[in-house]
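Residue-level structure breakdown
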Amino acid sequence: MPADRSAAALRDPAWMRGLLIATALAFLALFLLLPLVAVFAEALRRGVAAYWAALVEEDAVAAIKLTLIVAVFSVPANLVFGVAASWCVAKFDFRGKNLLITLIDLPFSVSPVISGLIYVLLFGLNGLMGPFLKAQGIQIIFAVPGLVLATIFVTFPFVARELIPLMQEQGSEEEEAALVLGASGWQTFWRVTLPNIKWGLLYGVLLCNARAMGEFGAVSVVSGHIRGYTNTMPLHVEILYNEYNFVAAFAVASVLAMLALVTLVAKTVLEWRFGAELAATRHK
Amino acid sequence: MVAASSSDTAFPRAGGAVTSILKKPSVIPGFGLTLGFTLTYLGLIVLLPLAALVVKAGGLGWFGFWNAVFTPRVWAAFQVSFGLSLVGAAINAVFGFVVAWVLVRYSFPGKRLVDALVDLPFALPTAVAGIALSALYAPNGWVGKPLNELFGFKVAFTPIGIAIALTFVGLPFVVRTVQPILQDLPPEEEEAAVSLGATRGQTFWRVVFPAVLPALVTGFALSFARGVGEYGSVIFIAGNMPGLTEILPLLIVIKLEQYDYAGAAAVGTAMLLVSFVMLLILNILQHWMRSRHAR
């Protein structure tokens, strides 16, 4: 009897369960599912031919290429940084460690527009280093290096914040054993540490890449919107949309939406299959 | 490999005395290499450019800074950005909590799919979300048209549209901070409350809710902070009328396009300062709640 009572009291009545599930699903359908469906519906509004034409058009292809180029530079840069940062944070105890972790997370709390602005203030024509760069004939703002820098800034913490809790949780005993047995530092890293963190690393790279390819605000500020030259895919979407070329805008947007869906699926599969090997404290 | 082998052998003898003051001894190599790289990269990519922002804004002097920030247009944008971010975060706190509750406590078909979908705003580029929401809520859109025709209610190009976009981008923050806390809540506490004669409602408000509240505040704060800085998903649906639906990040972009670098830096610095102070207040509030709950 008491067991019954407690079980019944811990479980919500059926009407309440139904009401809450319906509320949650309606909210998610309205706010998440509907916008996603709208992207594909609008893209295919004038048929597959118009959709395809928008994707193979010259400026669209240039935008796709540029997006890939930016990701190819910025993702590996943050990958190397993330591994180095998590190694020194997780394997050693030193003063100022918490401050370092806070600073690594800092770019997440800065508006994307400000992330772009700071590079314009530094490298732009009227910026602090502008005259020097002009004298050297180097252009960073309104050119690819600026896009890469702004993208590195906004995706800065992704890999590090995934690896730090994971490596802290795993400890250093396996590495210490390898070193005692005579392995060098690099051998220990490649043969012991890397296999232990590979799924967490992949997870971080996945999220980093999705943001790198989809970043809008920061890239918009440093790009100068030069068609076919400094337009990434999200910027191309904006230009097409502002020209009332909705089908083309949504066609390019649908490619980015597919990238987001692939990222979500891969992320879910990783969490599902290797949940125990990923950081348990992912969402603090 | 060359660098590694040299640092492996030379590092403990050459750098040992210096680093031992800073760090505890360890047999694991690579402290100097990884910390040096981390600090250099952090300094060049994050700290130096952020310093440029403060230097540029500081170059205006107090008077110039005041004049750049306290104009009616900037003040209105402050109210729009911070006010509507609070609205979005509040909507997320309520519905995000319901979503987290449903995902943790109940089972229903397609639950895993719904769980994965919650992260969509993290993965979907903001510009894509922006044009999709704008198309949906425009006067001839799927949602905007019925709202307009039945109730004469306009969403796109009004502050309500901005609040909807900010709700979209902030949603996962609340769900993903509350969810693990709900998951880890020991059932014994609720059972104890029930065995002592509490009703379901009392158990929820006196046992479950206080335990989850700090996480809910964290989620609220993250959602709010994201909303204040958000640009891509807002500008398409906002209408961008100065003084009415113009957000702060857009104002910074406009100032940059007019080559008013110092003005843009001043507004950016002010925005960072206000967000920082608000997050500090929320952190203190959260700390206070946690210690109260622990008692």
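None of the values given here were measured: they were computed from a predicted structure.

Opposite charge on two side chains allows them to pair when their charged atoms are near. Applying the stated criterion across every chain, the model contains 15 salt bridges over all chains. Lys 267 of chain A serves as the salt-bridge partner of Glu 271 of chain A, at 3.1 Å between the closest nitrogen and oxygen. Of this pair, Glu 271 of chain A and Lys 267 of chain A both sit in helix H14 (residues 246-274), 4 residues apart, which is roughly one turn of the helix. Note on Glu 271 of chain A: relative accessible area 29%, which makes it partly exposed. Judged by relative accessible area, which is 6%, Lys 267 of chain A ranks as buried. One salt bridge in this structure joins Asp 115 of chain B and Arg 176 of chain B, with 2.7 Å as the shortest N-O distance. With Asp 115 of chain B in helix H5 (residues 111-117) and Arg 176 of chain B in helix H9 (residues 159-184), this residue pair connects regions lying 61 residues apart in the sequence. Exposure remark for Asp 115 of chain B: the relative accessible area of 25% places this residue in the partly exposed category. Salt bridges linked by common partners bring Lys 267 and Glu 271 of chain A together with Asp 115, Asp 119 and Arg 176 of chain B together as one network.

What follows covers the UniProt feature "transmembrane region" (unreviewed entry) in chain A. Residue and element names in this part refer to chain A. Taking the UniProt record as the reference, the feature "transmembrane region" (unreviewed entry) is found at residues 65-87, 99-125, 137-160 and 246-266. Taken end to end, residues 65-87 has its terminal C-alpha atoms 33 Å apart, with 100% of it in helix and 0% in strand. The span residues 99-125 is 70% helical and 0% strand by assignment, and the distance between its end C-alpha atoms comes to 33 Å.

Quick look at the interface of chain A and chain B now. If you look at the interface, chain A gives 93 residues, while chain B gives 91 residues. At the boundary of chain A and chain B, one finds 2 salt bridges. We note a salt bridge from Lys 267 of chain A to Asp 119 of chain B, for which the minimum N-O separation is 2.4 Å. Linking chain A with chain B are 11 residue pairs in polar contact (both at pLDDT 80 or more), by the criterion used here.

Bringing a nonpolar patch on the surface into the picture now. Residues Phe 276, Val 277, Leu 280, Ile 281 and Ile 284 of chain B make up a contiguous nonpolar surface patch of about 500 Å² in total accessible area. As for its placement among the helices and strands, Leu 280 of chain B is situated in helix H14 (residues 261-294).

On to the side chain of Thr 158 of chain B. Residues and elements named next belong to chain B. Position of Thr 158 relative to the elements: it lies in the loop between helix H8 (144-151) and H9. Here Lys 154 takes part through its backbone oxygen, which lies 3.5 Å from a polar atom of the side chain of Thr 158. A distance of 2.6 Å separates a polar atom in the side chain of Thr 158 from the backbone oxygen of Val 155. Aside from chain neighbours lying at most four places away, what touches Thr 158 is Ile 237, Ala 238 and Thr 245.

How each quantity is defined
- Residues numbered from 1 in each chain as written.
- Chains lettered and ligands numbered in written order.
- Predicted model: local features only at pLDDT ≥ 70, side-chain atom pairs only at ≥ 80, totals over all residues.
- Heavy atoms only, no water.
- Salt bridge = Lys/Arg side-chain N within 4 Å of Asp/Glu carboxyl O.
- Helix = DSSP H or I, 4+ residues; strand = E, 2+ residues; numbered from the N terminus.
- Buried < 20%, exposed > 50% of the residue type's maximum accessible area, 1.4 Å probe, protein only.
- UniProt positions renumbered as here; feature names shortened; annotations may be inferred.
- Contact = heavy atoms within 4.5 Å.
- Polar contact = N/O pair within 3.5 Å; in protein donor to acceptor, adjacent residues only side chain to side chain.
- Patch = residues over 30% accessible without salt bridge, like charges linked within 9 Å, V, L, I, M, F, W, Y side chains within 5 Å.
- Areas by Shrake-Rupley, 256 points an atom, 1.4 Å probe, with all protein chains shown as cover.

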